[in-house]
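# An overview of the molecular structure
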Amino acid sequence: MNPTTPNRISTGIPGLDDILEGGLVPGRSYLVRGGPGTGKTTLGLHFLTAGAVNGEKALYITLEETESNIRRNAEVRGFDLKGIQFLDLSPVSEFFAEVQTYDIFSPAEVEREPLTQKIVERVTALKPQRVFLDPMTQFRYLASDVYQYRRQVLSFLRFLTEQGATVLFSSESSVEAPDDDLQFMSDSVIELHADEQGRGITIRKLRGSDFRHGRHSLRLTATGVEVYPRLLPDEQVRTFVAEPISSGAPELDELLYGGLERGTVTFITGPSGVGKTTLGLQFMKEAAGRGERSVVYTFEEEVDIMLHRCESINIPARTMVERGTLHLMKVEPLRWSPDEFAQLVRRQVEIEKARMVMIDSVAGYQLAVRGENLAGRLHTLCKYLQNRGVVVLLIAEVSDVVGDFRVTDANISYLADNIIFLRYLEINGELRKAIGVLKKRLSDFEKTLREFEITRYGIKVGKPLTELRGILKGAPEWIRPKE
Amino acid sequence: MTAQRFLLTVGTNKRNLELLAEFLGKEGYLTLAVTSMEEFDHVLDKSQEISLALVDISGFDSNIWERCDHLREKDIPLLVISPKHSAAIQQESIGRGARGVLVKPLAVRELIGLVNTLLEGSE
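Computed from a predicted model, the values in this text were never measured in an experiment.

The next thing to look at is the overall build of chain A. Within chain A, the regular secondary structure consists of 14 helices and 22 strands. Taking 23 Å as the expected radius of gyration for a compact globule of 483 residues, we find that chain A reaches 30 Å, considerably beyond that expectation. A principal-axis box enclosing the C-alpha atoms of chain A has dimensions of 110 × 40 × 40 Å. For chain A, buried positions account for 54% of its 483 residues.

What follows covers helix α1 (residues 14–26) of chain B. The end-to-end C-alpha separation of α1 of chain B is 18 Å, in line with the 18 Å expected for 13 residues at 1.5 Å each. G28 of chain B occupies a position one or two residues after α1 of chain B and carries a positive phi of about 95°.

Another aspect to go through is the interface of chain A and chain B. The interface of chain A with chain B comprises ten residues on the first partner and 14 residues on the second. Taken together, both faces of the contact between chain A and chain B bury some 1100 Å²; the carbon and sulfur share is 64%. Taken together, chain A and chain B are joined by one salt bridge. K104 of chain B is the partner of D103 of chain A in a salt bridge, and the nearest nitrogen-oxygen pair spans 3.1 Å. On inspection of chain A and its partner chain B, the count reaches four residue pairs in polar contact (both at pLDDT 80 or more). Partitioning the side of chain A that touches chain B into residue classes produces five nonpolar, three polar and two charged.

Further remarks concern the sheet that holds strand β2 (residues 58–62) of chain A. Residue and element names in this part refer to chain A. Overall, mixed pairing links the nine strands, which are arranged β3-β2-β4-β5-β1-β6-β7-β8-β9 in an open sheet. Sheet topology places β3 (84–88) and β9 (224–228) at the edges, where each strand pairs with a single neighbour. Between one strand axis and the next, the sheet turns through 20° on average, direction left out of account. Strand direction decides the pairing type here: strand β8 (residues 215–221) and β9, joined by five bridges, are antiparallel. Bridge assignment links L218 to a residue of β9, and that residue is V227. On top of the sheet, helix α5 (residues 107–126) reaches β2 and β3; it is set at about 165° to β3, its chief contact. Against the sheet, helix α12 (residues 338–350) contacts β8 and β9, and its axis sits at roughly 85° relative to β8.

Moving on, we get to the pairing of strand β13 (residues 293–298) of chain A. All names here are of chain A. Of all six residues making up β13, six are buried, and the element is well covered by its neighbours. Side-chain alternation along β13 places R293, V295 and Y297 on one buried face and S294, V296 and T298 on a second face that is also buried. Two strands pair when backbone bridges link them, and β13 and strand β15 (residues 354–360) are joined in this way by six bridges, in the parallel orientation. Paired with Y297 across the two strands is I359, which belongs to β15. Sheet analysis places β13 next to strand β14 (residues 326–330), joined by five bridges and oriented parallel. Looking at β14, one finds that S294 is bridged to L326.

Turning next to unusual backbone geometry. Cis geometry marks the peptide bond from D360 of chain A to S361 of chain A, where omega comes out at 15°. With respect to the helices, strands and loops of the structure, S361 of chain A is situated in the loop between β15 and α13 (362–369). Here K104 of chain B and P105 of chain B are connected by a cis peptide whose omega angle stands at -5°. Mapped onto the elements, P105 of chain B comes out in the loop between β5 (100–103) and α5 (108–122). Backbone geometry places K127 of chain A, a non-glycine residue, at a positive phi of 50°.

How large an interface is tends to be reported as the accessible area lost when its parts come together. All names here are of chain A. Looking at chain A, the domain boundaries give domain 1 (14–230) and domain 2 (235–478). For domain 1 versus domain 2, the separation of C-alpha centres amounts to 48 Å. Where domain 1 abuts domain 2, roughly 970 Å² becomes buried across the two surfaces, and 37% of that area is made up of carbon and sulfur atoms. The interface formed by domain 1 and domain 2 includes one salt bridge. Ionic pairing is found between E340 and R219, a salt bridge with its closest N-O pair at 2.4 Å. At the junction of domain 1 and domain 2, the tally comes to four residue pairs in polar contact (both at pLDDT 80 or more). Considering every element that reaches the side of domain 1 that touches domain 2, the biggest residue donor is β8, with four residues. A breakdown of the residues in the side of domain 1 that touches domain 2 according to their chemical character gives two nonpolar, four polar and five charged.

Rules used in this analysis
Residues numbered from 1 in each chain as written. Chains lettered and ligands numbered in written order. Predicted model: local features only at pLDDT ≥ 70, side-chain atom pairs only at ≥ 80, totals over all residues. Heavy atoms only, no water. Helix = DSSP H or I, 4+ residues; strand = E, 2+ residues; numbered from the N terminus. Rg over C-alpha atoms; globule rule 2.2 N^0.38 Å. Buried < 20%, exposed > 50% of the residue type's maximum accessible area, 1.4 Å probe, protein only. Expected span 1.5 Å × (residues − 1). Contact = heavy atoms within 4.5 Å. Buried area = accessible area lost by both parts, 1.4 Å probe. Salt bridge = Lys/Arg side-chain N within 4 Å of Asp/Glu carboxyl O. Polar contact = N/O pair within 3.5 Å; in protein donor to acceptor, adjacent residues only side chain to side chain. Nonpolar A, V, L, I, M, F, W, Y, C, P; charged D, E, K, R; others polar. Pairing = 2+ DSSP bridges. Axes fitted to C-alpha atoms, helices over the stretch in contact; angles between N-to-C directions. Domains from an automatic or database assignment.

Take a look at the structure:
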């Protein structure tokens, strides 16, 4: 957990504190809005318990759910509600049973006064530092008109904050009863989402403080809410030496004029089965020899199969995993949101000190992005890794096995510092493979292709194929007939 | 504040009558609540000092109008409380001697004001 910055108080959710640049500014009011089941109440519980553990007085004012219900649900999630005071203003069941309904006066006339009186009494007596009010929208029905409602909410919030409280209040918004007015009235707006993009959280406004814009991922777990802030590359710039690192295969290094530099993004592109993943693992094998850690995120292949495949081509992946120089992780693209995935990568880089990251493949990552802007997401992730001096390998499959050359199917090749391509060739009626470099930002590179082969001894890269032409078309011809 | 007066409140919803009693009570009025036609007749037969009657017609059938006639015969001022804006109800009420028709939900302040004025006028 990040330590809370001075003059800020923790929300109880580390990721949310990050987004809020350190936490909530005390003595202000925060609107938490969202549809049913988006986690408003859970967020409120985090907020109150975070205060209670520090000995602060925390008050939960409920206008809808009963105290016993809240306590039960909170206990299931492991919240310790000791030290949290409740003011239960939810309707009692007798309301229904004993014909407590009336229509002669509006509810505003009948119920507002006793309700506000109870709140005022309790708040004045307790002087809580944290108040969670769930939901504020209930007051709408207790106001005779919009003007009265606005005045009541504003004066109520002022009353609470003047008593020294930091206030979180929830609102339910629907098309019939929008809560736009509440958004104008509160100092800050925290919005929770649950839609086809998964769960998310957005700060709409935060008076008196900067915050991280955009939508961040949120997960409701068995123990509450977890927030995964969206990666921002610019904030973590680190200096590093862009030295080339060797692949361990001399001919491959020759092709790359030394190897791949640190802090660069390399696309390894080619059709299915040509050896893209294996090529990436070759770099990792060499890195492991230097004692550096590499991470592979595989979106398609199972880890066991990948390990087995490595062993059969002289890459000691199992040993590397045991020594901690390699980490293979199968990523279920529909399980993780891009922010959560970014968090995984961040942990590997910042805590486990990984120096090389391979994403296998871009198409798999695209699934995780779920219709969001792929280029933007991938750009952010790559920029972050670059700033950290990590060697990034992106595996991009092209759908055509032979035929005219393309770098990737998705329009993201602009991200690449280096592009290595693999392709099938037909030479003398035989299916062969070739490797070439299309782009290298930090150094020159060999412009010819070389033959590429995967054998049980590992990757074999041949001499430059200088006598061929039409290689990019997939059906090369000899420039001069063989003697 | 005027001396304590009896106000007759008529209606089928108990909670409504309780609320009327509560708000009028704060103003110093005593109320007598009646929830059925039979009780209404019973109260009318007794020669009780009733200064004003508030009749919430919702839930009653058209026989309620006859009781309004009785009130007029006894010179008891009458306010009709109606569940909706309706020309028919308004005509009927005024025709039966009502001083006014109030449509629910009532505003407490307005009701109190009206009651005060009516009672001062009848003094």
